[in-house]
Amino acid sequence: MKLIKKNTYIELRDFLILWSTQGLSQLGSSMTGFALSLWLYEQTGSSLRTATLTICSYAPYVVMSVFAGALTDRFDKKKVMLGCDAFAAVCTMLIFILFRTDCLTVWHLYVLNVVSGLMNTVQQPASEVAMTLVTPETYYQKTSGLRSLSGSLISILNPLLATSLYALAGLNAVIAVDITSFSVAFLALLFFIRIPEHKRDKRERVLTLAKEGLMFLQENPLILALILFMAAVNLVASAFDAALPGYVLPNPNGGSSVLGIVTSCSGVAMIIGSLIVSILPKPKDRVKVIYRTMLFSLGTENFLLAFSRDPVVWCIGQIIGWVLVPVMSANLDVILRTSIPVELQGRVYACRNTFQFFTIPIGLFLGGFMVDHVCEPFMEVYGDASLLTTLFGSGKGSGAALMMLILGVSGSFLCLITGRKLKKYSYRK
């Protein structure tokens, strides 16, 4: 048994180093993003302007992903990751300098987030392919579980650490932790990780490579259907993310600390879900698992938050809504990695990013806009009605509660409609 464990470690050495150090860096970056959202909400009091911070990161990511994947497949994955990480770190350093000199404004954050989003557009598909290249195929499901676990830990620690550091030492302390974690990941990738490369004719044009990614999706309707289904899920989930600060922060039972705790509960749920993935046998049909888990998640969490003013119920709602996400993610990851040839993964993942994530900036905008300009004004005018007060409370934040109900209904409807396309597919590998 010890020999087996030792051999497993040797086979997964590069993956484990890459996974752990990149996870640490992602934690630091997530903490900075969370702290900046708190700072921005304090400055503006607007859900839409706070959500715009994330929109600025995702918009270039969605628009440029198709071409970024083609670039990724042409160049050395390690060099691409190192270059993009370094450039993103420079943006973080600029935020740090601007904040320390009392020059930081909202538009600075928007511009720097656009630049960071462009870097992430190239870095993310390179990282996806690198994970595949350093992982033997027999370990795909186990490593998917580990990646879900690290994502869960980040979801737990990010808001808790960010709110604590932000309250104790301010934004500059959070950014300092981010820069430190980046340094660890950068040096580990530079000196300790070897990423094998598939030979590729670098004379091929980027547009030609991008077209290959689009053609693969066209020729594989199951993959395309799954991507479009997840796009519908992301639309509702991102609108929820935009509405949540406007729901929790102004609530008499809320505040920044409560927002950190509620947000971290999604990470707790994902750890539980990751453990479930690690012990579950291979499902009979991975497609059904993906569809049913997302229908359950979107059809429960939003309703629980909409009708409650109790932080304990908010936490329970987050746990219920997120506990099956790792189960979905692991099954989707296996389908993609076993269906897409490794030499095509960079450009196909990039096309996936465009089609699956283009709804995130739309959802963030709609969520923030609906809270600020529709739901909150509606509750200000009609919120004195006894039924509305009973359902959604009163004062600032009641409009965000109304938005949660709208998201619960629309999320269930979208899953039922888009999920019908998935029912004609199955995947039993």
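Here is what the cut-offs are and how they apply
- Residues numbered from 1 in each chain as written.
- Predicted model: local features only at pLDDT ≥ 70, side-chain atom pairs only at ≥ 80, totals over all residues.
- Heavy atoms only, no water.
- Helix = DSSP H or I, 4+ residues; strand = E, 2+ residues; numbered from the N terminus.
- Rg over C-alpha atoms; globule rule 2.2 N^0.38 Å.
- Buried < 20%, exposed > 50% of the residue type's maximum accessible area, 1.4 Å probe, protein only.
- Contact = heavy atoms within 4.5 Å.
- Areas by Shrake-Rupley, 256 points an atom, 1.4 Å probe, with all protein chains shown as cover.
- pLDDT = per-residue confidence, 0-100.
- Salt bridge = Lys/Arg side-chain N within 4 Å of Asp/Glu carboxyl O.
- Phe/Tyr/Trp six-rings, centres within 6.5 Å; stacked < 30°, edge-to-face > 60°.
- Core = buried A, V, L, I, M, F, W, Y, C linked by side-chain atoms within 4.5 Å.
- Expected span 1.5 Å × (residues − 1).
- Polar contact = N/O pair within 3.5 Å; in protein donor to acceptor, adjacent residues only side chain to side chain.

Chemist: What is the right way to look at the overall build of the chain in this model?
Modeler: Across its full length, the chain holds 18 helices and zero strands. Taken over C-alpha atoms, the radius of gyration comes to 21 Å for the chain, in line with the 22 Å a tight globule of 429 residues would show. With the C-alpha coordinates aligned to their principal axes, the bounding extent of the chain is approximately 65 × 55 × 50 Å. Residues counted as buried form 54% of the 429 residues belonging to the chain. Restricting to contacts in the chain with at least 6 residues of sequence separation, those with at least 24 account for 86%. Here the chain displays about 19,100 Å² of accessible surface, and carbon together with sulfur accounts for 68% of that area.

Chemist: Looking at this structure, how should I read the confidence of the model for the chain?
Modeler: In regions of low pLDDT, the predicted coordinates are not meant to be interpreted in detail. Predicted confidence across the chain gives a mean pLDDT of 84, with 91% of residues reaching 70 or more. When the elements of the chain are averaged for pLDDT, helix H1 (residues 2-11) gives the smallest value, 59, and helix H13 (residues 311-322) the largest, 93.

Chemist: Help me out: how do you make sense of unusual backbone geometry in this one?
Modeler: Of note in the backbone geometry, Asp102 takes a positive phi value of approximately 60 degrees without being a glycine. For Asp102, the position within the fold is in the loop between helix H4 (77-100) and helix H5 (106-133).

Chemist: Any chance you could explain the pattern of salt bridges here in plain terms?
Modeler: Here the idea is simple: oppositely charged side chains can pair when their charged atoms come close. For the structure shown, the criterion picks out two salt bridges. Between Arg13 and Asp14 there is a salt bridge, and its shortest N-O distance comes to 2.7 Å. Between Asp333 and Arg337 there is a salt bridge whose closest N-O contact spans 3.0 Å. On the criterion of helical spacing, the pair formed by Asp333 and Arg337 is a turn pair, its members being four residues apart in helix H14 (residues 325-339). Classification of Arg337 as buried rests on a relative accessible area of 6%.

Chemist: Could you clarify how one ought to interpret the packing of aromatic side chains in this entry?
Modeler: Taken as a whole, this structure holds seven aromatic pairs when the rule is applied. Taking 6.2 Å as the distance between ring centres and 5 degrees as the angle between the ring planes, the aromatic pair formed by Phe15 and Trp19 counts as stacked. Of this pair, Phe15 and Trp19 both sit in helix H2 (residues 13-44), four residues apart, which is roughly one turn of that helix. Exposure class is identical for Phe15 and Trp19. Each is buried. When the centroid spacing of 5.8 Å and the interplanar angle of 20 degrees are considered together, the rings of Phe365 and Phe369 count as stacked. One end of the pair, Phe365, and the other, Phe369, are both in helix H16 (residues 359-382), four residues apart, so they sit about a helical turn from each other. By relative accessible area, which is 40% here, Phe365 ends up partly exposed.

Chemist: Explain the nonpolar core here, please?
Modeler: Generally speaking, soluble globular proteins have nonpolar side chains that are buried together. The biggest cluster of nonpolar side chains holds 79 residues, and the ones touching the most others in it are Phe229, Met230, Leu244, Tyr247, Ile290, Met294 and Met404. Looking at which element gives the most residues to this core, the answer is helix H9 (residues 221-248), with 15 residues. When neighbours within four sequence positions are excluded, Met294 is seen to be in contact with Phe229, Met230, Val233, Leu324, Val325, Met328 and Cys415.

Chemist: In this structure, what is going on with H13? I would like to understand it.
Modeler: Owing to its 3.6 residues per turn, the α-helix brings residues three or four apart onto one side. Here H13 spans 17 Å end to end across twelve residues, near enough to the 16 Å set by a 1.5 Å rise per residue. In this fold, the buried residues of H13 make contact with H9, helix H10 (256-279), helix H11 (286-298), helix H12 (301-306) and H14. With a side-chain oxygen lying 3.0 Å from the backbone nitrogen of Val312, the N-terminal cap of H13 falls on Asp310.

Chemist: Help me out: how do you make sense of the environment of Leu295 in this one?
Modeler: Relative to the elements of secondary structure, Leu295 occurs in helix H11. As for Leu295 and Asp14, which are separated by 281 residues in sequence, their C-alpha atoms are 36 Å apart. In this view, Leu295 contacts Ser412, Cys415 and Leu416; residues no more than four positions away in its chain are not counted.

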